[in-house]
Amino acid sequence: MLFDQYSLNTLPLKSRIVMPPMTRSRAGAGDVATDDMAEYYAQRASAGLIISEGTQISQQGQGYAWTPGIYNEQQIAGWKKVTDAVHSAGGKIFAQLWHVGRVSHTVLQPGNAAPVSSSAIQAEGVKVFVDIEGRGPENGVGEMVQHSLPRALTLEEIPGIIADYAQAARNAIAAGFDGVELHGANGYLINQFIDSRENLRDDQYGGSLQNRLRFLKEVAEAVSAAIGKEKLGIRLAPLTTLMGSKDDTPEATYLAAASVLNEIGIAYIHIAEADWEDAPVMPAAFKEALRIIFHGTLIYSGKYTVERAEEALAKGWADLIGFGRPFIANPDLPYRLQHNLPLNQPVREQFFGGGKAGYLDYPTVNSK
């Protein structure tokens, strides 16, 4: 097993800190990971686990400009530089496999086709970051635009997308990743099949809860068969409504999803908690029920402080805690948290696209 529950309980907080996936839109030509990306991840290798930014499994799976892919040889080679750098620095890294589904734009799709989803529903006000002028990531100049109206996937197309996930997982292992995380959260494709208000299908992938979980189950089974269930995690967002995705009974739905994933025997579930102001609080009862149902490792992310992290670990809800935005500005975040040192503040305007500024130039404690 990648994560041992008993040894986790004896580790200090700094060893149980995860760097969760964060889109930075800095891939190079051909959506290939760059040398700068290798340096960026290596700088943060003191995390107990790094989960890469969302990495599209196909061109169809891309929803934002300048995000990296993992579906061809050039992309595999680019990521190999990243994993080599992280491993040389003593770190461990999983690839987050991503198909955005409807959260895309025709300018990003093969042949300028419509994006695909479980159902032909457009989420009003949900925008994607695109490079309309084709200026490239180094300029950092993109535009947020309403995502395009999707079309519903046909039954005949679904096995091909499941196969894309499995092949992307094989590619990730070939690129040197220690494992993969399926992005099943934040309103992207897997989430679009799960949530009741986004899935209006009347075939075996829609309607009942069991049917709405079928796509998740088949993707997880295919990836497990491809690389081993011990190298597979999945990110879920039970109570968030990001990208317009909503479920009528989220607690029941996601506890059922956890049961399906427990039967498959995957390594971990990564729970993305809502992290905006006045966001809904995930009930303790839900976290306790999730622990009972799922026997693997549990990771929680979402505006965690040291105090909240230690509470989650002490109460047994979580084994590992993800700290997202603080990792952007603090390459040595575990050390800073361990020693209660002040944190650098990230520059939001430099989150997406651009060069080294706001990416590689944040100081560590020892570099000041």
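Residues numbered from 1 in each chain as written. Predicted model: local features only at pLDDT ≥ 70, side-chain atom pairs only at ≥ 80, totals over all residues. Heavy atoms only, no water.

## A word on the overall build of the protein
Stated precisely, the cut-off is as follows: Counting from the N terminus, the helices are DSSP H or I runs at least four residues long and the strands are E runs at least two residues long. With C-alpha atoms as the basis for the radius of gyration, the globule rule is written as 2.2 Å multiplied by the number of residues raised to the power 0.38. Buried residues are those whose accessible area, probed at 1.4 Å on protein chains only, stays under 20% of the maximum for their type, while exposed residues exceed 50% and partly exposed ones sit between those limits. Contacts are residue-level and defined by heavy atoms, with any inter-residue pair within 4.5 Å sufficient. Shrake-Rupley sampling with a 1.4 Å probe provides the accessible areas, and residues are treated as covered by the protein chains on show and by no other component. Counted as positive: Lys and Arg. Counted as negative: Asp and Glu, with His and the chain ends omitted from the count. Think of each charge as sitting on NZ of Lys, CZ of Arg, CG of Asp or CD of Glu.
When you go through the protein residue by residue, the secondary structure sums to 12 helices and 12 strands. Taken against the 2.2 N^0.38 rule, which gives 21 Å for 368 residues, the C-alpha radius of gyration of the protein at 19 Å falls within 12% of a compact globule. Counting all 368 residues of the protein, 55% fall into the buried class. Counted over contacts in the protein with a minimum sequence separation of 6, partners at least 24 positions apart contribute 75%. Accessible surface computed for the protein: about 14500 Å², of which carbon and sulfur atoms make up 52%. Across the protein, the 32 positively charged side chains and the 41 negatively charged ones have centroids separated by 3 Å.

## Structural notes on the environment of Val100
Within the secondary structure layout, Val100 lies in the loop between strand E3 (93-98) and strand E4 (116-117). Leave out the neighbours within four places in its chain, and Val100 touches Gly61, Gln62, Gly63, Tyr64, Gly187, Tyr188, Leu189 and Gln192.

## Description of the packing of aromatic side chains
In plain terms, the rule: Centres within 6.5 Å make a pair out of two Phe, Tyr or Trp rings, where for Trp the six-membered ring is used; the pair is then stacked when the planes are under 30 degrees apart, edge-to-face when over 60, and tilted otherwise.
Tallying each qualifying case throughout the model produces 13 aromatic pairs. Centre to centre, the rings of Tyr165 and Phe215 are 6.3 Å apart; their planes meet at 70°, and the pair counts as edge-to-face. Of this pair, Tyr165 sits in helix H4 (residues 158-174) while Phe215 sits in helix H7 (residues 214-227); the two residues are 50 residues apart in sequence, bridging distant segments of the chain. You can call Tyr165 buried: its relative accessible area is 0%.

## Some details on the sheet that holds strand E10 (residues 268-272)
Applicable threshold: When DSSP locates at least two bridges between a pair of strands, those strands are taken to pair. To obtain an axis, a line is fitted to C-alpha atoms, over the contacting stretch when the element is a helix, and the angle between two such axes runs from 0 to 180 degrees between their N-to-C directions.
Reading around the circumference, E1-E2-E3-E8-E9-E10-E11-E12 is the order of the eight strands in this closed barrel, with parallel pairing throughout. Here the average twist between neighbouring strands, direction ignored, is 25°.

## Side note on the environment of Asn211
Following the sequence through the fold, Asn211 ends up in helix H6 (residues 209-212). A C-alpha to C-alpha distance of 37 Å links Asn211 and Ala77, two positions 134 residues apart in sequence.

## Some words on the pattern of salt bridges
Here is the rule we go by: Any Lys or Arg side-chain nitrogen found within 4 Å of a carboxyl oxygen on Asp or Glu counts as a salt bridge.
Counted by the stated rule, this structure contains 14 salt bridges. Here Arg197 ties to Asp248 by a salt bridge, and the two come within 2.7 Å at their closest N and O atoms. In this pair, Arg197 sits in the loop between helix H5 (189-194) and H6 while Asp248 sits in the loop between strand E9 (232-236) and helix H8 (250-264), placing the two residues 51 residues apart along the sequence. When its relative accessible area of 46% is taken as the criterion, Arg197 is described as partly exposed.

## Description of the packing of helix H2 (residues 35-43) against helix H3 (residues 73-88)
To keep it simple, the criterion reads: An angle below 35 degrees is read as roughly parallel, one above 145 as roughly antiparallel, one from 65 to 115 as roughly perpendicular, and any other as oblique. The sense of a crossing depends on the near helix, which, turned anticlockwise from the far helix by less than a right angle, makes the crossing left-handed and, turned clockwise, makes it right-handed. Residues are grouped as follows: Ala, Val, Leu, Ile, Met, Phe, Trp, Tyr, Cys and Pro are nonpolar; Asp, Glu, Lys and Arg are charged; all remaining types, including Gly, are polar.
Direction vectors running N to C along H2 and H3 enclose 25°, while the axes themselves pass 8 Å from each other. Between H2 and H3, the interaxial angle falls into the category roughly parallel. Note on packing geometry: the crossing formed by H2 with H3 is right-handed. Each of Asp35, Met37, Ala38, Tyr41 and Ala42 in H2 lies in contact with H3, whose residues at this interface are Trp79, Lys81, Val82, Ala85 and Val86. Along the lines of polarity and charge, the residues of the contact of H2 with H3 split into eight nonpolar, no polar and two charged.

## Looking at H7
Residues lying three or four places apart along an α-helix face the same way, a consequence of the helix completing one turn every 3.6 residues. Operational definition: One less than the number of residues in a helix, times 1.5 Å, gives the span that helix is expected to have. Along the arc lie the directions from the helix axis toward the C-beta atoms.
Compared with the 20 Å implied by 1.5 Å per residue over 14 residues, the 20 Å span of H7 between its first and last C-alpha is a close match. Turning to H7, its buried residues number three or more, namely Phe215, Leu216, Val219, Ala220, Val223, Ser224 and Ile227. Within H7, the buried residues cover an arc of 160° as seen down the axis, which keeps them to one side. Tucked into the core, H7 has its buried residues touching H4, strand E8 (179-183), H5, H6, E9 and H8. Just downstream of H7 lies Gly228, where phi reads positive at about 105°.

## Regarding the nonpolar core
Where we set the bar: Throughout, nonpolar core names a set of buried Ala, Val, Leu, Ile, Met, Phe, Trp, Tyr and Cys residues whose side chains join them through atoms within 4.5 Å.
In this structure, Leu97, Tyr165, Leu182, Phe215, Ile269 and Tyr300 are the most contacted members of the largest nonpolar core, which totals 85 residues. Once residues within four sequence positions are removed from consideration, Phe215 is found in contact with Ile158, Ile161, Ile162, Tyr165, Leu189, Ile190, Phe193 and Tyr205. In this structure, Tyr64, Leu108, Ala123 and Val128 belong to the second largest nonpolar core, which totals 14 residues.

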